[in-house]
Amino acid sequence: MKKEVKRLCLITKESKDVKDLVRFTLLDGALVVDPTHKLGGRGYYISKDIEVINKAKEKNLISKILKVNVTSDFYDELLKYVR
């Protein structure tokens, strides 16, 4: 029996199963969505919830938390992956 892997959502701070989260990583100064969970670099997770992603986009939360420049294209890519 496999152990459930839990990670913390960067926005809501809820501990969730990785199947309920989208992983993204910082590669060469740019955020990249990592659906395979295999890209190198520090991984961050956000809930697969359109409302959470829209809240993060409206308030620019990922940029504030990670202190990196986040484009609206990145949020659009997250939303596309969730839908």
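What you are looking at is a predicted structure, and each value in this text was computed from that prediction instead of being measured.

Conventions and cut-offs
Residues numbered from 1 in each chain as written. Predicted model: local features only at pLDDT ≥ 70, side-chain atom pairs only at ≥ 80, totals over all residues. Heavy atoms only, no water. Helix = DSSP H or I, 4+ residues; strand = E, 2+ residues; numbered from the N terminus. Rg over C-alpha atoms; globule rule 2.2 N^0.38 Å. Buried < 20%, exposed > 50% of the residue type's maximum accessible area, 1.4 Å probe, protein only. Areas by Shrake-Rupley, 256 points an atom, 1.4 Å probe, with all protein chains shown as cover. Lys, Arg positive; Asp, Glu negative; His and termini not counted. Charge placed at Lys NZ, Arg CZ, Asp CG, Glu CD. Axes fitted to C-alpha atoms, helices over the stretch in contact; angles between N-to-C directions. Parallel < 35°, antiparallel > 145°, perpendicular 65-115°, else oblique. Contact = heavy atoms within 4.5 Å. Nonpolar A, V, L, I, M, F, W, Y, C, P; charged D, E, K, R; others polar. Phe/Tyr/Trp six-rings, centres within 6.5 Å; stacked < 30°, edge-to-face > 60°. Polar contact = N/O pair within 3.5 Å; in protein donor to acceptor, adjacent residues only side chain to side chain.

1. With respect to the overall build of the chain
Right, on to step 1. Scanning the chain for helices and strands turns up three helices and five strands.
Right, on to step 2. The N-to-C order of helical and strand elements in the chain reads β-β-β-β-β-α-α-α.
Right, on to step 3. Expected size for 83 residues packed as a compact globule is a radius of gyration near 12 Å; at 12 Å, the chain falls within 12% of this value.
Right, on to step 4. Here the chain holds 83 residues, and the buried ones make up 37% of them.
Right, on to step 5. Total accessible area on the chain is roughly 5,600 Å²; 50% of this is exposed by carbon and sulfur atoms.
Right, on to step 6. Distance between charge centroids for the chain: 5 Å, based on 18 positive and 12 negative side chains.

2. A few points about the packing of helix α1 (residues 50-59) against helix α3 (residues 72-82)
Right, on to step 1. With their axes 10 Å apart at the nearest point, α1 and α3 run at an angle of 175° to one another. Classed by the angle they form, the pair α1 and α3 counts as roughly antiparallel. In contact with Ile50, Ile53, Asn54, Ala56 and Lys57 of α1, α3 contributes Ser72, Tyr75, Asp76, Leu78, Leu79 and Val82.
Right, on to step 2. Classifying every residue of the contact of α1 with α3 by side-chain character gives seven nonpolar, two polar and two charged.

3. Topic: the packing of aromatic side chains
Within a pair of aromatic rings, the relevant descriptors are the distance that separates the centres and the angle that separates the planes.
Right, on to step 1. The tally for this structure, following the rule as stated, stands at three aromatic pairs.
Right, on to step 2. Judged by centre distance (5.3 Å) and plane angle (70°), the rings of Phe24 and Phe74 are edge-to-face. Of this pair, Phe24 sits in strand β3 (residues 21-27) while Phe74 is found in helix α3, placing the two residues 50 residues apart along the sequence. Considered together, Phe24 and Phe74 belong to a single accessibility category, that of buried residues.
Right, on to step 3. Members of the aromatic cluster, connected to one another through ring pairs, are Phe24, Tyr44, Phe74 and Tyr75.

4. Things to note about the side chain of Ser47
Right, on to step 1. Take Ser47: it is sitting in strand β5 (residues 43-47).
Right, on to step 2. For Ser47, a relative accessible area of 1% gives the class buried.
Right, on to step 3. Within the structure, the side chain of Ser47 is placed 3.2 Å from the side chain of Lys16, a separation counted as a polar contact.
Right, on to step 4. Leave out the neighbours within four places in its chain, and Ser47 touches Cys9, Thr12, Lys16, Asp20, Leu21, Val52 and Ile53.

5. Quick word on the environment of Thr71
Right, on to step 1. One can find Thr71 in the loop between α2 (61-66) and α3.
Right, on to step 2. Residue classification places Thr71 among the partly exposed residues on the basis of a relative accessible area of 43%.
Right, on to step 3. Along the chain, Thr71 and Lys57 lie 14 residues apart, while their C-alpha atoms are 9.3 Å from each other.

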